[in-house]
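Below, each chain spelled out in residue letters.
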Amino acid sequence: MSHTTPEAVGLDPAVLRDKLFELWNRKDLQTLHWMALQGFSKLSEPLEALLTILESCPGKQKGRSHTLGHHILMEFQTWMKEHPQVTLSSLSEQQAMAVQQRALSLLADTQPSFVDTLINIYQLSSLDPAILRLQIVRLQALNCYKEAAVLSIKLQLQKELNMEEMCVPLIMQNKLPMAESFVTGHNHLEQQLVALLDSWCHPNFRVEEISKRFPRLSLSKQCMSQIQPKMLTKQVFRLMDKFNIDQGLCPNALHKRRLDSLRFLMYKRFVEKSMTEENWSDHVQYVVADDRELQIQLVEMLVKYCGLQKASQWSLRYSIPRNRLPHGVWETQQSLPPDLQQIHLSDSAQTEEWMPSQSHCQKYYQVPLTKDKVHFVDTPEALQICRNIVLKEGGIVGVDMEWQPTFGCISTQQVALIQLAVFDQVFLLDLCANGFCQHPHTISFIRSFFSGRNVLKLGYGMSGDLKCLLATWQQFLEEPLKMEGVLDLLNIHQKIQRGKVKRIQNGPKEVLVGEDSAEKGLSLLVQQVLGRPLDKTEQMSNWEKRPLRISQIRYAVADAYCLLDVYSVLSSNPAYFGLPADLCSISSCQSGKSGEKKHKEKRAHRKEECQGAQRVSPPCSDTEKGLLCGEKPSEDTPPLPPQQLRVVCDNMLQGLGRYLRCLGVDVVMLENTDDHRVAGKLAQAEGRVILTCGQPFQTLRSQVGEGRCLSLDCSEKARDQAVRVLRHFNVQATPSDIFSRCQACNSDQYVAIPREDMVKMLNEKGFLQDQDNTGHTQQQDAEITPSVTPDLPRYALQCQWAPLSRLDPDTLTFPGGAPIQLHTVPPGLLPKIPLFYVCTRCGKVFWEGSHFGRVLSMFQEVLHITDPESAAVTADQQN
């Protein structure tokens, strides 16, 4: 049956194709448009003729965003709107089937508009699922796995296909997001995908098993790096959260996450020594739980870190079978007296004094309240007293919350304690008290408190608190919690930090306190404004265990009350800190929908500003160079010393982090086992910029302020990424900044150790006794000629220098507990190196060598080289 007018029939499709191809090559798209519309009307069977044309069109050509076939198909769709009589229903059933199968064979193009248009024109969704499945199989046989997945999603064939056969090749080609799209909306497929990834987290899993099942797949190095337990575990937890899947379906990923958490706790307690015994014990028991393998690994780690007695005590606690105990533990068990066979922790909750020691008071911020001014609220009656006080009109309340650390094993935690501070007392809402959390009066109070406009609520980094509030009370998801009268001091702190750049020469010294300090987040703000930091020892403690220790209560009270003191100082003299008179105006534009709308309108009119966050990626062509965000600093960006750029690098950018740290930038790098969301929490708490790449960008950009999240191209080398970041922030690095931070731990404090002292230390610890007895060491000593006092390194002015007296002469450890890593000093270096530099945080030993010249040469295009010596080094490296 003909679909055209009688006077215009019979045009050969091949003739029309050739004419269109000629116009396409001449790039005369206007003429091509009219020629196509006229030509379609002259075809005797337009639907069949279109397929004939598409089947013989050339593929994608260089410099073209679309193929000729795609362009013709779009023109045909336009033509069909003027010719509604041209439909598949006008053909016979046999003709329609033949045309549909021909159209189906063309669906290898992944451009959505091409696939959708072809499906709609030829009504391909109505075909027998068996025929559609056959096309999917054909695409897979051609290694077109992405195209097969796109088509199956378009045709809604997911339930007809095998999840593993569809998704495994996608994952192997680093296309996990496409695999996610394939299963999304189909609960059983979502569970199958997550269970598959979890099975790959098993210690006995080998990638070779996949290769045997899918022999046609070639595994790239990038793909292999993704199919590692640490990366897979992150993906499993992310998908469990996304698809709301029970953790019980993912035992391997959960075990891996708990094992990594156990290693972290061992490091915090026995290496960094920043965690109390009580907190460590609580967390270890939570992490290990009833997992027998983790209990055994705990005992093995204890043997390594602190000896047989402690390992024996914990092995007795968990009743580890004798045949699973490390060497020596069972014998130690037998020799322990009864009073040492159990682990005894001091009951500090009952014996600790409210008033801390004098040294503690001199070192840390103290709350000016006695213990009787701190009230636990765990009943409706106590809540009513609290309500009457904190909801007074015109009041100011410091707000903080505590929850149990779960080390990534649970995506969102429920609040255990809410602290509400007014100027003469503090209320602690105990949400762990039986029946109190979900009591109607409690929920009503929380809603009234946060929605009240006439009470100013002060917080710091409140986005994390709000997430935990929503996890605690599902009612606030069903009927959203209104947030009115809230001032997040994190926004004010960020403004103070940004303002320091402009006032670096003349600014008030108090504002600059902590610039090179170990203090972070709220503790840093308190130190900058009030003179002393917070004691954060109890930050990572068990907030669900009752009774709370006095030290925990002191910490909780201080975290809320300090907000009142900080606000009081800032509001009394805002200009002194570079702030506007109305502090609430700083954050008002960042909270609430109306503020977001205003910002979007402003951003729409500013070409140079990225919207809410920035992507920094390499230009695609020479003409685009310098136009992308991050290629050049904006004109109004002031020069920034590297020490004042504070970033957190996602775990996919550790190479970038090392380079930035090498140039003096303050860099925190996520561990491989950390969830990406940790970057958001660190950025909020410590005022850092997030550097990330790939999929996490979309999640992280919403957690921080405008311009505080940058996405880089993962395919770029780390060195090139570092150059982009430096240019984006207009960081003015100099040769003096190179190695001004410890490459291992990010500290910027060193102690200088002359060669003579280093030799003495090495001798005392036996590191020079392994030399032969022919006088080798003495010969080296004889070669060491006394000279003038060696100069400090070129980066001396960019970091802090501790006196050698801070080093314990007996243990050779620093106050933080880190020993000097003497084993890393080659004895052969001693005659050549007059001065060694040791990091006081981790004990790593450094010395001047050729590495400086290599770094100088590598980053010469962004370094500001003014001294002749550095310029000469660069020239030598180039030659």
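The model shown is predicted, which means the values in this text are computed figures rather than measured ones.

Thoughts on unusual backbone geometry
Step number 1: The omega torsion of the bond from Arg546 to Pro547 falls at 0 degrees, within 30 degrees of zero and hence cis.
Step number 2: For Pro547, the position within the fold is in the loop between α28 (521–530) and α29 (550–572).

Describing the nonpolar core
Step number 1: Judged by nonpolar contacts, the single largest core of 87 residues is most densely connected at Ile72, Tyr122, Leu124 and Trp200.
Step number 2: Among the elements that make up this core, the one with the highest residue count is helix α9 (residues 163–172) (7 residues).
Step number 3: Filtering out sequence-adjacent residues up to four positions away, Ile72 remains in contact with Leu20, Phe40, Leu50, Ile53, Leu54 and Cys57.
Step number 4: Core analysis: the next-biggest nonpolar cluster, separate from the first, contains 43 residues, Leu564, Tyr567, Leu583 and Ile586 among them.

A look at the pairing of strand β4 (residues 425–430)
Step number 1: The buried count for β4 comes to 6 of 6 residues, which makes it a mostly enclosed element.
Step number 2: Alternating residues of β4 divide into Gln425, Phe427 and Leu429 and Val426, Leu428 and Asp430, and every residue in both groups is buried.
Step number 3: Sheet analysis places strand β1 (residues 374–377) next to β4, joined by 4 bridges and oriented parallel. Bridging across to β4, Val374 finds its partner in Val426.
Step number 4: Between the end of strand β3 (residues 415–422) and the start of β4, which pair antiparallel, lie 2 residues.

Side note on the packing of helix α16 (residues 277–288) against helix α17 (residues 292–306)
Step number 1: Remark: α16 packs on α17, axes separated minimally by 9 Å, with the N-to-C direction vectors making an angle of 145 degrees. Seen from above, α16 lies across α17 with right-handed handedness. On α17, the residues touching Trp280, Val284, Val287 and Val288 of α16 are Leu294, Gln295, Leu298 and Leu302.
Step number 2: Among the residues making up the contact of α16 with α17, the classes are represented as 7 nonpolar, 1 polar and no charged.

A word on helix α23 (residues 440–451)
Step number 1: In a regular helix each residue adds 1.5 Å, so 12 residues correspond to 16 Å; α23 covers 17 Å between its end C-alpha atoms and thus fits that length.
Step number 2: Buried residues of α23: Thr442, Ile443, Phe445, Ile446, Phe449 and Phe450, and no others. The buried residues of α23 occupy an angular sector of 160 degrees when projected down its axis, which confines them to one face.

A look at the confidence of the model for the chain
Step number 1: For the chain, per-residue confidence averages 82 on the pLDDT scale, and residues scoring 70 or more make up 84% of the total.
Step number 2: Ranking the elements of the chain by mean pLDDT puts helix α27 (residues 509–512) last, at 36, and β4 first, at 98.
Step number 3: Scored below 50 in pLDDT, residues 588–635 makes 68 contacts in the model with residues more than four places away or belonging to other chains.
Step number 4: Low confidence marks residues 772–789, where pLDDT is under 50. Its contacts with residues over four positions away, or in another chain, come to 12 contacts.

Considerations on the pattern of salt bridges
Step number 1: In the structure shown here, the tally under the stated rule is 29 salt bridges.
Step number 2: In this structure, Asp18 engages Arg17 in a salt bridge whose closest nitrogen and oxygen atoms are separated by 3.0 Å.
Step number 3: Residue classification places Arg17 among the partly exposed positions, given a relative accessible area of 23%.
Step number 4: The shortest N-O distance in the salt bridge between Asp241 and Arg677 comes to 2.8 Å. Residue Asp241 is found in helix α14 (residues 229–243), and its partner Arg677 is found in helix α33 (residues 677–686); the two are separated by 436 residues along the sequence.
Step number 5: By relative accessible area, Arg677 is classed as partly exposed at 25%.
Step number 6: Linked through salt bridges whose partners overlap, the residues forming this network are Lys520, Arg646, Asp666, Glu686, Arg688 and Arg741.

Parameters and conventions
Residues numbered from 1 in each chain as written. Predicted model: local features only at pLDDT ≥ 70, side-chain atom pairs only at ≥ 80, totals over all residues. Heavy atoms only, no water. Helix = DSSP H or I, 4+ residues; strand = E, 2+ residues; numbered from the N terminus. Core = buried A, V, L, I, M, F, W, Y, C linked by side-chain atoms within 4.5 Å. Buried < 20%, exposed > 50% of the residue type's maximum accessible area, 1.4 Å probe, protein only. Contact = heavy atoms within 4.5 Å. Pairing = 2+ DSSP bridges. Axes fitted to C-alpha atoms, helices over the stretch in contact; angles between N-to-C directions. Left-handed = near helix turned anticlockwise from the far one by under 90°. Nonpolar A, V, L, I, M, F, W, Y, C, P; charged D, E, K, R; others polar. Expected span 1.5 Å × (residues − 1). Arc of directions from axis to C-beta. pLDDT = per-residue confidence, 0-100. Salt bridge = Lys/Arg side-chain N within 4 Å of Asp/Glu carboxyl O.

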